[in-house]
Amino acid sequence: MRERSAHRHELLTSRLLTAGNGAVSAVAALGFATVVVQPDALALPLPFQGAILSLYGAAIVVALVALACSRRAIRMLNGAVAIGYLLLVASTWPVVALTRSESSGQLSWVLTVNAIAVLAAVIAWGQVAGWIVLGVLAVFVPLLRFALADTTANAITNDLQALGAAMLLCALAGAALGRARRADAAAAAVREADVRDAESSARRDVEARAQALVHDEVLATLAFAARASTEMLPVLAAQAHRARAALAALATPQTGTVAVSAFRSELQDLARAHGAEFVEEGAEEQSVEVPADVAAAMTGAAEQALINARVHAPDSESSLTLRHDGHGLRVAVSDDGPGFDKRGVTPGRLGIAVSILARLRSVGGLAEVHTEPGRGVVVDTSWQPGVPAAAIQPPPVGLLPDRDMRLAGGLFAAGHLLLAACSFVWLRNPLPGLLAGLALAAAFVVVSWRADRARAGVVVCAAALAVAAVCTMFAGVAVPDTAGMPTFAGMWPLVGASFVLGMLCLRSRPRTALVLLVTVVALAVMAVVPGPYTEMRAAVMRAVVVVVATTALAVSIRTLDRHVERDRALTRAASTERAWLAEGTALAREKTASWDATIGPLLDRIGEGTALTDAEVAQCLVHEGALRDGYRAGRLDVPVVAAAAARARSRGVDVVLIDDVADRDIDDDVLERLRAWLVGELDRADGSFIARILPDGRSALATASSDTASTRFGG
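In this text the structure is predicted, and so the values were computed from the model without any measurement.

**Student:** Help me understand the overall build of the protein chain in this model?
**Tutor:** If you tally the helices and strands in the protein chain, you get 21 helices and 11 strands. Evaluated residue by residue, the protein chain yields a buried proportion of 50% over its 715 residues. Total accessible area on the protein chain stands at roughly 32600 Å², and carbon and sulfur atoms take up 60% of it.

Below is the structure:
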């Protein structure tokens, strides 16, 4: 299962190519039985003929069983097909010699369908192996022709076209497997990176939730408990129970989605509880669902904004607005109170920074606070969903690199110039053949000069040249002077035009290639009216098979690209979600366990609703200060400083430690001396004590101020 997951795209591509090879084998066998005519075929022993049929049958069977096989099994089966084909071709002459059959005659056409062995070799061992097998067959088949004295025009034309078809399929198959392997490798690398990002995101989310929870519930509970009157005890007990429940909920990851209707109801209840007006704007999208963590963050931020409005502007009118913003949501809390100057906010104030801004950032949302003195306050939070995986569509590109495309085009051009040169031998008037060869060579150069998606000008030029080559059949190429009807060799411009169309498939124009195929076949039929003739059917069949096979492979590769992108997005989402849940749950449980051990018993004691002892009040102050230090003390929050702060708080000192200049670099040795200096200052502190690391550019590194003294460190 792990092997399939790591190579899933390569496995899918191998199955696809194996199915294609089986289809080629089936079409070749059908064509040999119904279309191909060889009146002077080489007599072969029945067992050898059975071996040939068995090989074709094996290729078809392999295509079927590959759908349920592993990648390794598919490779082995295709390797057996490739080796079997090579052995059959290599043993043809020894079999003829040993059985004393006729040593001349037409080589069986099924032994020249090189694409079957080449495609199987690519699947089994890679594209390089496919080129090697193609090279071996390109040498051995002509030698076998010469040994059998089978060097007719039809034979030469057939072999050149068979090599061209095999070359085209080898290029496409190699491109497909290469893309699949790169996709698997990239997917693995991306998954690892996404897992790291998800774990980091989970830590930030848990920290933000924890800090918001501490600010909204725990700090308020501890602060009020240290100063509570008898009348406040029942209310304080209820708040302690809420804080305890919030701590327990922190360890439960917020997953799934919340319907917009439920989210709206929660906001309405929140507005009603705080005496604010609820307003809804925009049309609700039917498909909108809010992730649970986003809904919790937006609701918590809105609640904190309403609390701030009630505390700092008790006589103001407040409103809570839910806006439907496309597929996203906006929640705004506004009041008409006195407002404030954001630049004058004390660094130690945490309501906006922790409960609103950081809370929304942790879930991928955005929060902004708009205010000026005398103009009220607007807290605006928003969230937009990400792009769905199904919407990802890779841009259309070519299927081969520029170098490989030009090499293929050069080989095709050379092969058809060779056929044009043969016109001087085959035809009394070689000019039409020469013109056809030149037109096709020019078409191959035009279509293979670049490998990206062919532009309209390239398509028009290549198509015009291919059609012009087919039209030369009107001038006698299709009917040599040695035959009374069109021959297979005379139809080579038609098959050559099909290779041009196959090259268009390589440049991401498969639909255009199919349309042009209909055009050139129609021209071929018109060229030999009142046909059709026997050998013409074979040429038309080869042209159709070449274009249809390359089109099918090109479309399959493009479909594979889309599948890869969607699969990669879905896999990334699944893996990151698992990593996020694992990391977030572990960190949340760690924090919950730590707080259960430290402040849990104290919250339980407050929840009893009875007056606290002096020692318990001191503990409330110590824990309240330690929790505040946890997210504003930064580099000052280390055990040795925390212990000194706890000692000071136990003496009744109000300690504030601030490090809000994380961009100021401090050498480790200097930081250690700073902490040691701070411990000494804390042990001498009385009344209130504030220590702060200063921004870069100040003459001192840090300051410490108390009711009795003010000192500086590093300046």
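Following the structure, the description resumes.
**Student:** In this structure, what is going on with helix α13 (residues 431–448)? I would like to understand it.
**Tutor:** Three- or four-residue spacings in an α-helix give side chains the same orientation, since the helix completes a turn every 3.6 residues. Spanning 18 residues, α13 covers 26 Å between terminal C-alpha atoms, matching the ideal 26 Å at 1.5 Å per step. For α13, the set of buried residues is P432, G433, A436, G437, A439, L440, A441, A443, F444, V447 and S448. Summarising the contacts, the buried residues of α13 are in contact with α12 (402–426), α14 (456–471) and α15 (492–506).

**Student:** Would you mind showing me how to read the pairing of strand β5 (residues 328–335) here?
**Tutor:** Note on strand geometry: in a regular strand, side chains alternate between the two faces of the sheet. By the criterion of burial, β5 is predominantly enclosed, with 6 of the 8 residues buried. Pairing of strand β4 (residues 318–325) with β5 involves 8 bridges; the strand directions are antiparallel. Residue pairing for β5: T321 is matched across the bridge by A332. Counting the residues in the hairpin turn of β4 and β5 gives 2 residues, including G326, whose phi is positive at 65°. Alignment of β5 against strand β7 (residues 377–383), held across 7 bridges, turns out to be antiparallel. If you follow V331 over to β7, its bridge partner there is T381.

**Student:** Just to check I follow, could you spell out the nonpolar core for this structure?
**Tutor:** It is characteristic of soluble globular proteins that their nonpolar side chains tend to be buried jointly. Counting residues in hydrophobic clusters, the biggest one holds 112 residues, and the most contacted among them are I52, F444, L494, F499, L501, M503 and V520. Considering every element that reaches this core, the biggest residue donor is helix α7 (residues 153–226), with 12 residues. Residue contacts for V520: discarding those within four places in its chain leaves V467, V470, L494, A497 and L501.

Definitions and limits used
- Residues numbered from 1 in each chain as written.
- Predicted model: local features only at pLDDT ≥ 70, side-chain atom pairs only at ≥ 80, totals over all residues.
- Heavy atoms only, no water.
- Helix = DSSP H or I, 4+ residues; strand = E, 2+ residues; numbered from the N terminus.
- Buried < 20%, exposed > 50% of the residue type's maximum accessible area, 1.4 Å probe, protein only.
- Areas by Shrake-Rupley, 256 points an atom, 1.4 Å probe, with all protein chains shown as cover.
- Expected span 1.5 Å × (residues − 1).
- Contact = heavy atoms within 4.5 Å.
- Pairing = 2+ DSSP bridges.
- Core = buried A, V, L, I, M, F, W, Y, C linked by side-chain atoms within 4.5 Å.

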